[in-house]
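Structural description and commentary
Spelled out, the chains give:
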Amino acid sequence: MGNGVVGKVIRTSVAVASMVLLSTGSTWAETAKGKSLYDRLGGKEALVAVVESFVGKVGADTRINGYFANTDLTKLKMNLVNQICEATGGPCRYTGRSMKVTHAGMGVTNAAFGALVEDLVAALDQHKVGKAEKDQLLAILGPMKSDIVEKQ
Ligand code: HEM
């Protein structure tokens, strides 16, 4: 690398690229391969296993299981798998309703949303999903909160 303007530009570019990679928690190898979050989560089989555990935990969670008293859990699991698969870059299509329409009138509270996220994190931890993948998934689902929570 030279000492002139070109060298400085190259050094600056490398520094910026490194910072971007560090801040996203990716490695050079991962980025080069361009693996989707879906692939890094382990694909369909891993996702089905996580959703299975997640819904099991929600069903056992007395803070929030009342909301799901009349829910067809098989259909819910199918919808969650397709939703997460599609949102993470997998080869699925979510065919369920929008988050706003689905949760309208349920009176989901902030605390209930927090409890559900805790159950999801517990399921991800149980299946040994890495921190970078976990954080990235939560960052995708987090913004849905405003369409789901209706009251404090
Ligand atoms: C980011 C968080 C959440 C996501 C991604 C999510 C996603 C979904 C999806 C995909 C469905 C199926 C949609 C359909 O049937 O067309 C669903 C249904 C449902 N969700 Fe959520 N949800 C979230 C948070 C919550 C929370 C916090 C509660 C309550 C504590 C909740 C309660 C329900 C219930 C009861 C149903 C079933 C509705 C029915 O039986 O028709 N959800 N959710």
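You'll find the structure just up there.
As a starting point, this report considers the structure included with it. The numbering scheme is per chain: residues are counted from 1 as the chain's sequence reads. Given that this is a predicted model, residues contribute local features only at a pLDDT of at least 70 and side-chain atom pairs are listed and counted only at 80 or more, while totals for whole chains, interfaces and linings are drawn from all residues. Note that water and hydrogens are dropped before the side-chain values are worked out from all heavy atoms of the structure.

1. Describing the site of the ligand
Here a residue is near a molecule or strand as soon as one of its heavy atoms is found within 4 Å of it. Taken together, 22 residues surround the ligand, and among them Tyr67, Phe68, Thr71, Arg97 and His103 come closest. Residues adjacent in sequence count toward polar contacts only when both atoms are side-chain atoms; beyond that, a polar contact is any pair of N or O atoms within 3.5 Å, and within protein one must be able to donate a hydrogen and the other to accept it. In this structure, Thr71 approaches the ligand through a side-chain N or O atom, which is 3.0 Å from an oxygen atom. A run of H or I in DSSP becomes a helix once it reaches four residues, and a run of E becomes a strand once it reaches two; helices and strands are each numbered from the N terminus. Counting residues per element, the ones that place at least two in the shell around the ligand are helix H5 (73-87), helix H6 (99-103) and helix H7 (110-126). Looking at the shell around the ligand element by element, the count peaks at four residues for H5. Charged residues are taken to be Asp, Glu, Lys and Arg, nonpolar residues to be Ala, Val, Leu, Ile, Met, Phe, Trp, Tyr, Cys and Pro, and polar residues to be all remaining types, Gly included. Class assignment of the residues belonging to the shell around the ligand gives a composition of 15 nonpolar, six polar and one charged.

2. What to know about the coordination of the iron atom of the ligand
Working reference: metal with six octahedral donors, ideal angles 90 or 180 degrees; metal with four tetrahedral donors, ideal angle 109.5 degrees. Sodium, potassium and calcium take a 3.2 Å donor cutoff, other metals 2.8 Å, and in both cases only N, O and S atoms count; water is not among them, so sites may look incomplete. The protein gives the iron atom of the ligand a lone donor atom, His103 (NE2), placed 2.1 Å from the metal. Note on placement: His103 falls in helix H6.

3. Remarks on the side chain of Asp119
As for its position among the elements, Asp119 is in helix H7. The class for Asp119 is buried, based on a relative accessible area of 9%. Ignoring sequence-local partners within four residues, the contact set of Asp119 consists of Phe54, Lys57, Val58, Asp61, Arg63 and Ile64. Buried residues are those whose accessible area, probed at 1.4 Å on protein chains only, stays under 20% of the maximum for their type, while exposed residues exceed 50% and partly exposed ones sit between those limits. It only takes one pair of heavy atoms within 4.5 Å for two residues to be counted as in contact.

4. Structural notes on helix H4 (residues 43-60)
For H4, which comprises 18 residues, the first-to-last C-alpha distance of 26 Å matches the rise-based estimate of 26 Å (1.5 Å per residue) to within 8%. Residues of H4 that are buried include every one of Gly43, Leu47, Val50, Val51, Ser53, Phe54, Val55 and Val58, and no others. Buried residues along H4 sit against helix H3 (37-41), H5 and H7. Helix span, as expected, comes to 1.5 Å for every residue beyond the first.

5. Quick look at the pattern of salt bridges
A pairing counts as a salt bridge when a side-chain nitrogen of Lys or Arg comes within 4 Å of a carboxyl oxygen of Asp or Glu. All told, the structure shown has eight salt bridges when counted by the stated rule. Lys134 is paired through a salt bridge with Asp125; the nearest N and O atoms lie 2.5 Å apart. We classify Asp125 as partly exposed; its relative accessible area is 37%. When salt bridges with common partners are traced through the structure, they connect Asp61, Arg63, Glu118 and Asp119 into a single cluster.

6. A few points about unusual backbone geometry
The backbone of Lys128 sits at a positive phi, close to 60 degrees, despite the residue not being glycine. Structurally, Lys128 is set in the loop between H7 and helix H8 (131-141).

7. Focus on the packing of H4 against H7
What describes two packed helices is the angle between their axes and the distance between those same axes. Only C-alpha atoms enter the line fits that serve as axes; for helices the fit covers just the stretch in contact. Angles between N-to-C directions range over 0 to 180 degrees. Direction vectors running N to C along H4 and H7 enclose 140 degrees, while the axes themselves pass 8 Å from each other. As far as their axial angle goes, H7 and H4 are oblique. The handedness of the crossing between H4 and H7 is right-handed. Touching Val50, Ser53, Phe54, Lys57 and Val58 of H4 are Leu116, Asp119, Leu120, Ala122, Ala123, Leu124 and Gln126, all from H7. Considered class by class, the residues forming the contact of H4 with H7 number eight nonpolar, two polar and two charged. For this classification, under 35 degrees means roughly parallel, over 145 means roughly antiparallel, 65 to 115 means roughly perpendicular, and everything else is oblique. By convention, the crossing between two helices is left-handed when the near helix turns anticlockwise from the far helix through less than a right angle, and right-handed when the turn is clockwise.

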